[in-house]
Amino acid sequence: MTRIKAVWTILLLSIVSIVLIPPQWLAVKSGHPVQRRLPHFWHRAATRLVGIRVREIGRPETSRPLLIAANHASWVDITVVGSLMPLSFIAKSEVAGWPVFGLFAKLQRTVFVNRQRRSDTGKVTNAIAERMAEGDAMVLFAEGTSNDGNCVLPFRSALLGAATRSGGEDQDVWVQPLSVAYHSLHGLPMGRQFRPHVAWYGDMELAGHLWGIFRDGALDVVVTWGEPVRVTSQTDRKALTRQVEAEVRRLTMASLRAGVNEVSVSAENPAAELFSSAEKTAKAGA
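The structure contained in this document is the topic of the report that follows. Note that the structure is predicted; figures quoted are calculated from it, not measured.

Helix packing geometry: the angle between the two helix axes and the distance between the axes. Relative to each other, helix H1 (residues 2-30) and helix H2 (residues 37-50) sit at 175 degrees, their axes nearing to 10 Å. One element, H1, and the other, H2, form an angle in the roughly antiparallel class. Of the residues in H2, those touching H1 at Lys5, Thr9, Leu12, Leu13, Val16, Ser17, Leu20, Pro23 and Gln24 are Leu38, Pro39, Phe41, Trp42, Ala45, Ala46, Leu49 and Val50. Taken together, the residues that form the contact of H1 with H2 break down as 13 nonpolar, 3 polar and 1 charged.

Next comes the structure, spelled out in structure tokens:
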């Protein structure tokens, strides 16, 4: 029965994609404003077809320029976050060459980063800043890699510098923390042991993981918006990174440990360290 569900999900999602790809391609080529909204529609359709229920706590900042800094556990994060509002992502350059995913990323106007060439960091940072200045909300998975869904890895500061380059002297720029936490599967709490069923990290094969999500689906995920941070050209990039990382870890800890209805905990709570793992950081190559 689950296999039949998976096949139907893939079939219906393929139909939605075939319908939306041509107008999105034309919108991107012509610069039409609908290029921001069609991917949002696709992600909303995908979450519903797969059976992903998203509980949103807090609200995204409405002012622009805006950079959203989030934790990252799985490719599922992209569809979850993409279903919240019109936005674009910042992704590693390898994604551009992936079958299907690469095409979707390009159609969503993703900014690609080659992490093997640090000399490109300044150019990419400027590209992100330009997109933010044009009004695009940009999403950065600031850990630079994915994890097992039970922790938040240290954030990398390089691309957060885009926030300090966007806008002029009299224009506010905002960086908003965002926590993504996977709570349950088929209505049953996943817990630390089973949350990696959703997470995609390390040497996991993408095809097998995709099939598992399509087959099992019925995920409950909680996304929590933190307080946006006002950034200027004088803001210290590394201090900003530490502040945003601490907030995302705090929100993630609260969401995973206390549940959907209890996400307010003290930033000084030492339990937050349970969601920071030096060992996982080393294994992930961060």
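The rest of the description comes next.
This paragraph deals with the nonpolar core. A general feature of soluble globular proteins is that nonpolar side chains tend to end up buried together. Membership of the largest hydrophobic core comes to 39 residues, with the highest contact counts inside it found for Ile68, Val76, Leu87, Leu178 and Tyr182. Elements that contribute at least two residues to this core include exactly H1, H2, strand E2 (66-70), helix H3 (76-82), strand E5 (137-141), strand E6 (173-185), helix H8 (206-216) and strand E8 (219-225). A per-element tally of this core places E6 first, with 5 residues. Each residue touching Ile68, except ones within four places of it in the same chain, is listed here: Met85, Leu87, Ala137, Met138, Val139, Leu140, Gln176, Leu178 and Trp225. In this structure, Ala69, Leu140, Val231 and Val244 belong to the second largest nonpolar core, which totals 24 residues.

What follows concerns the pairing of E2. Extensive coverage of E2 is indicated by the burial of 5 of its 5 residues. Residues Leu66, Ile68 and Ala70 point to one face of E2 and Leu67 and Ala69 to the other, with burial holding for every one of them. Across 5 bridges, E2 lies against E5 in parallel orientation. Each bridged residue has a counterpart across the sheet, and for Ala69 the counterpart in E5 is Leu140. Across 5 bridges, E2 lies against E6 in parallel orientation. Bridge pairing in E6 places Leu66 opposite Trp174.

The next thing to look at is the pattern of salt bridges. On inspection of all chains with the given rule, the structure shows 8 salt bridges. For the salt bridge of Asp136 with Arg36, the shortest nitrogen-to-oxygen distance reads 2.5 Å. Within this pair, whereas Asp136 is found in the loop between helix H5 (121-133) and E5, its partner Arg36 is found in the loop between H1 and H2, the two being separated by 100 residues in sequence. The partly exposed category is assigned to Arg36, whose relative accessible area is 28%. Residue Asp216 is joined to Arg215 by a salt bridge in which the shortest nitrogen-to-oxygen separation is 3.3 Å. Its relative accessible area of 27% is what places Arg215 among the partly exposed residues.

Conventions adopted
Throughout, residues of each chain are indexed from 1 in the direction in which the sequence is written. Under the rules for a predicted model, residues below a pLDDT of 70 receive no local features and side-chain atom pairs below 80 are neither given nor counted, while totals for whole chains, interfaces and linings still include all residues. Excluding hydrogens and water, the side-chain figures rest on all heavy atoms present in the structure. Axes here refer to lines fitted to C-alpha atoms; in helices the fit is confined to the stretch in contact. Angles between the N-to-C directions go from 0 to 180 degrees. Helix and strand assignments follow DSSP, with helices taken as H or I runs no shorter than four residues and strands as E runs no shorter than two, numbered in order from the N terminus. Roughly parallel means an angle under 35 degrees; roughly antiparallel, over 145; roughly perpendicular, 65 to 115; everything else is oblique. Should any heavy atoms of two residues lie within 4.5 Å, those residues are considered in contact. Nonpolar residues are Ala, Val, Leu, Ile, Met, Phe, Trp, Tyr, Cys and Pro. Charged residues are Asp, Glu, Lys and Arg, and all others, Gly as well, are polar. What makes a nonpolar core is a set of buried Ala, Val, Leu, Ile, Met, Phe, Trp, Tyr and Cys residues whose side-chain atoms join them at distances within 4.5 Å. We call a residue buried when its accessible area falls under 20% of the maximum for its residue type, exposed when it is over 50%, and partly exposed in between, using a 1.4 Å probe and counting protein chains only. A pair of strands counts as paired when DSSP detects no fewer than two bridges linking them. When a carboxyl oxygen of Asp or Glu lies within 4 Å of a side-chain nitrogen of Lys or Arg, that pair is called a salt bridge.

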